[in-house]
Amino acid sequence: MKFYIETYGCSANRNDSEIMVALLLKEGFELCNNYNDADLIILNTCSVKQATISRMCERMKLFSQTKKPLIIAGCLTKVRKDLIEKFAPNASLISPSSIDKIVDVAKTTINNKKVEFLNGNANKAILPSFRFNEVIEIVQIAEGCLSNCTFCATKIARGNIKSFRIGDIKRKIENAINSGAKEIWITSQDNSAYGRDIGTNLIELLEEILKIEGKFWIRVGMMNPLHFKKLEVEKLAELFNNEKVFKFLHVPVQSGSNKVLNDMQRGYTVEEFLEFVEIFRKIVKNITIATDIIVGYPTETEKDFEKTLELIKELKPDVVNISRFSAIKGTKAYNLKKLNSKILKERSKELTNLVKKISFEKNKRWIGWKGEVLIDEKVKNGFIARNIYYKPIFIKEGELGTFKEVKIKYAYPNFLSTVKIN
């Protein structure tokens, strides 16, 4: 039986698909690249924004029209099951915590029977993965989160945090390295909360991972500033100086206004966020800083937005992921009176222009840099490589999965390059 899988959302969702693919291949199913050729279609959904949810509805409608057996996976199964029943009423459902049951769901669905697995307890650190990118192994260290942000549906989709054991995670990484992976993504809904439920923490996990032999680089994924309060931040930052760890810190601040952060129930202040970043910058030279901003939260005034602009000017981050506020049904912020869409558009544009200017100025500082990079992605007319600072560098020639010495000659707002891009 041939199956087709389409994936949306975060790196954890991407890894969920990799796990499902591995389990199906092991059972004798065959992966294909076109849903028209498939006997079974799997749609792994995301519900982070309303625009994404609308996209999911379009895909469900399209796949339902094919009359092929269909499985809906991912966050939408928990967040907006009503929409699945509307656009794909005959589809089987499997939640993120139940992906270890994919073979049973697939076999049942192919026989034109609908089945639902929505309350599982999958230990993703011991499940096999099929790498979509042969260079990158995505390793989930936990499922769910400890926060209660008013705008986010993660808690609805994935529940309270369930951390996986250090030994299981370490063995999965060792197996990945032995099978050719060179880049390890440590991911979850919030890495800084790792281990709080099992008596450990991210520092202890990283210390064990760094004992693994071989040449590979580790990317530590998103960490909520709230849970930095429970960690020895200086000690964590020191680990980022290890030769195996990307000097890359992703800490989403979401707003430059303490009032808005309080309304969002983020659990920290702008001052605390800046303190954490300053510790990393002091200890890890030239560290790349990435953050997230939500523009137009319902209680955000013009003054609040100005504070966000001021924060970005002060922080000068390398990467800013900008999102306009999106009301997700089931979240606390869903019923708040929304700002005018014109205001959201104007603020988003102003912030985007500021971020683009800052990113370009920071990237220009890398012109002339010489050093080692890892080629981790094939793109049109060349490759994307990363240096130890996780800077994306376009190169014309190379081999996927290899390390190479390069010299950066050109800078652009979103990437660096060894050749001029027209």
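Everything discussed here concerns the structure shown above.
So, a few notes on the structure that sits alongside this text.

The rules behind the values
- Residues numbered from 1 in each chain as written.
- Predicted model: local features only at pLDDT ≥ 70, side-chain atom pairs only at ≥ 80, totals over all residues.
- Heavy atoms only, no water.
- Axes fitted to C-alpha atoms, helices over the stretch in contact; angles between N-to-C directions.
- Helix = DSSP H or I, 4+ residues; strand = E, 2+ residues; numbered from the N terminus.
- Parallel < 35°, antiparallel > 145°, perpendicular 65-115°, else oblique.
- Contact = heavy atoms within 4.5 Å.
- Salt bridge = Lys/Arg side-chain N within 4 Å of Asp/Glu carboxyl O.
- Buried < 20%, exposed > 50% of the residue type's maximum accessible area, 1.4 Å probe, protein only.
- Pairing = 2+ DSSP bridges.
- 1 Å grid on protein atoms, 1.4 Å probe; cavity = no way out; pocket = protein on both sides within 12 Å on 5 of 7 lines; lining within 4 Å.
- Points joined across faces, edges and corners; volume = space filled by probe spheres on them.
- Nonpolar A, V, L, I, M, F, W, Y, C, P; charged D, E, K, R; others polar.
- Core = buried A, V, L, I, M, F, W, Y, C linked by side-chain atoms within 4.5 Å.
- Expected span 1.5 Å × (residues − 1).
- Phe/Tyr/Trp six-rings, centres within 6.5 Å; stacked < 30°, edge-to-face > 60°.

Here we look at the packing of helix α13 (residues 302-315) against helix α14 (residues 341-364)
A packed helix pair is summarised by two numbers, namely the angle formed by the two axes and the spacing between the axes.
Part 1: Interaxial distance between α13 and α14 falls to 10 Å at its minimum, and their mutual angle equals 10°. In this view, α13 runs roughly parallel relative to α14, as classed from their interaxial angle. For the pair α13 and α14, the contacting residues are Glu302, Phe305, Leu309, Ile312 and Lys313 in the first and Arg347, Glu350, Leu351, Leu354, Val355 and Ile358 in the second.

Focus: the pattern of salt bridges
Part 1: Scanning the model with the defined rule gives 23 salt bridges in all.
Part 2: Asp16 is the salt-bridge partner of Lys124, the closest N and O atoms lying 2.8 Å from each other. In this pair, Lys124 is assigned in the loop between β6 (116-117) and β7 (136-140) and Asp16 in helix α1 (residues 11-26), connecting sequence segments 108 residues apart. When sorted by exposure, Lys124 lands in the same class as Asp16, which is buried.
Part 3: In this structure, Lys211 and Glu208 form a salt bridge, with 2.7 Å as the shortest nitrogen-oxygen distance.
Part 4: On the basis of relative accessibility, which here comes to 23%, the residue Glu208 falls in the partly exposed class.
Part 5: Residues participating in the shared-partner salt-bridge network are Asp16, Lys124, Glu143 and Arg158.

Notes on the sheet that holds strand β12 (residues 248-250)
Part 1: Taken in spatial order, the three strands of this open sheet run β12-β13-β14, and their pairing is parallel. On the outer flanks of this sheet lie β12 and β14 (319-324), each paired with one strand and no other. Ignoring strand direction, the axes of neighbouring strands in this sheet form an average angle of 15°.
Part 2: Pairing geometry for β12 and strand β13 (residues 288-295), over three bridges, is parallel. Of the residues in β13, the one forming a bridge with Leu249 is Ile289.

Details of the layout of surface pockets
Part 1: One number sums up the size of the second largest pocket: a volume of about 260 Å³.
Part 2: Here the lining of the second largest pocket is composed, by residue class, of five nonpolar, four polar and four charged.

Thoughts on the nonpolar core
Part 1: Residues Ile169, Ile173, Ile184, Leu236, Phe240 and Phe280 are the most contacted members of the largest nonpolar core, which totals 71 residues.
Part 2: If you tally residues by element for this core, the top one is helix α12 (residues 270-283), at seven residues.
Part 3: Once you skip the residues sitting within four places of it in the chain, Ile169 turns out to touch Ala125, Val139, Ile141, Phe164, Tyr194, Leu205 and Ile209.
Part 4: Residues Leu43, Phe63, Leu76 and Val79 belong to the second largest nonpolar core, which totals 27 residues.

Considering helix α2 (residues 50-65)
Helical geometry note: an α-helix holds 3.6 residues per turn, so side chains three or four residues apart project in the same direction.
Part 1: Its 16 residues give α2 an end-to-end C-alpha distance of 23 Å, which sits within 8% of 22 Å, the value for a rise of 1.5 Å per residue.
Part 2: Buried within α2 are the following residues: Thr52, Ile53, Met56, Cys57, Arg59, Met60 and Phe63.
Part 3: Here the buried face of α2 lies against β1 (2-7), β3 (40-45), β4 (70-74), α3 (76-79) and α4 (81-87).
Part 4: Downstream of α2 by one or two residues, Lys67 has phi in the positive range, about 65°.

Here's the deal with the sheet that holds strand β5 (residues 92-94)
Part 1: What the six strands build is an open sheet, ordered β2-β1-β3-β4-β5-β6; its pairing is parallel. Looking at the sheet topology across the chains shown, the edges are occupied by β2 (30-31) and β6.
Part 2: In this sheet, β6 lies alongside β5 in parallel orientation, the contact comprising two bridges. Across the sheet, residue Leu93 finds its bridge partner in β6, namely Glu116.

Describing the packing of aromatic side chains
Part 1: Scanning the entire structure with this criterion turns up 16 aromatic pairs.
Part 2: Here the aromatic rings of Trp217 and Phe246 are separated by 5.5 Å at their centres, their planes lie at 75°, and the arrangement is edge-to-face. Residue Trp217 is located in strand β11 (residues 217-220), and its partner Phe246 is located in the loop between α10 (233-239) and β12; the two are separated by 29 residues in the primary sequence. No difference in accessibility class separates Trp217 from Phe246, as the two residues are buried.
Part 3: Residues Phe240 and Phe280 carry aromatic rings whose centres are separated by 5.2 Å and whose planes lie at 85° to one another, so their mutual orientation is edge-to-face. Note that Phe240 is positioned in the loop between α10 and β12 and Phe280 in helix α12, a separation of 40 residues in sequence. The same class applies to Phe240 and to Phe280, which are both buried.
Part 4: One aromatic cluster in this structure is built from Trp217, Phe246, Phe248, Tyr390 and Phe403.

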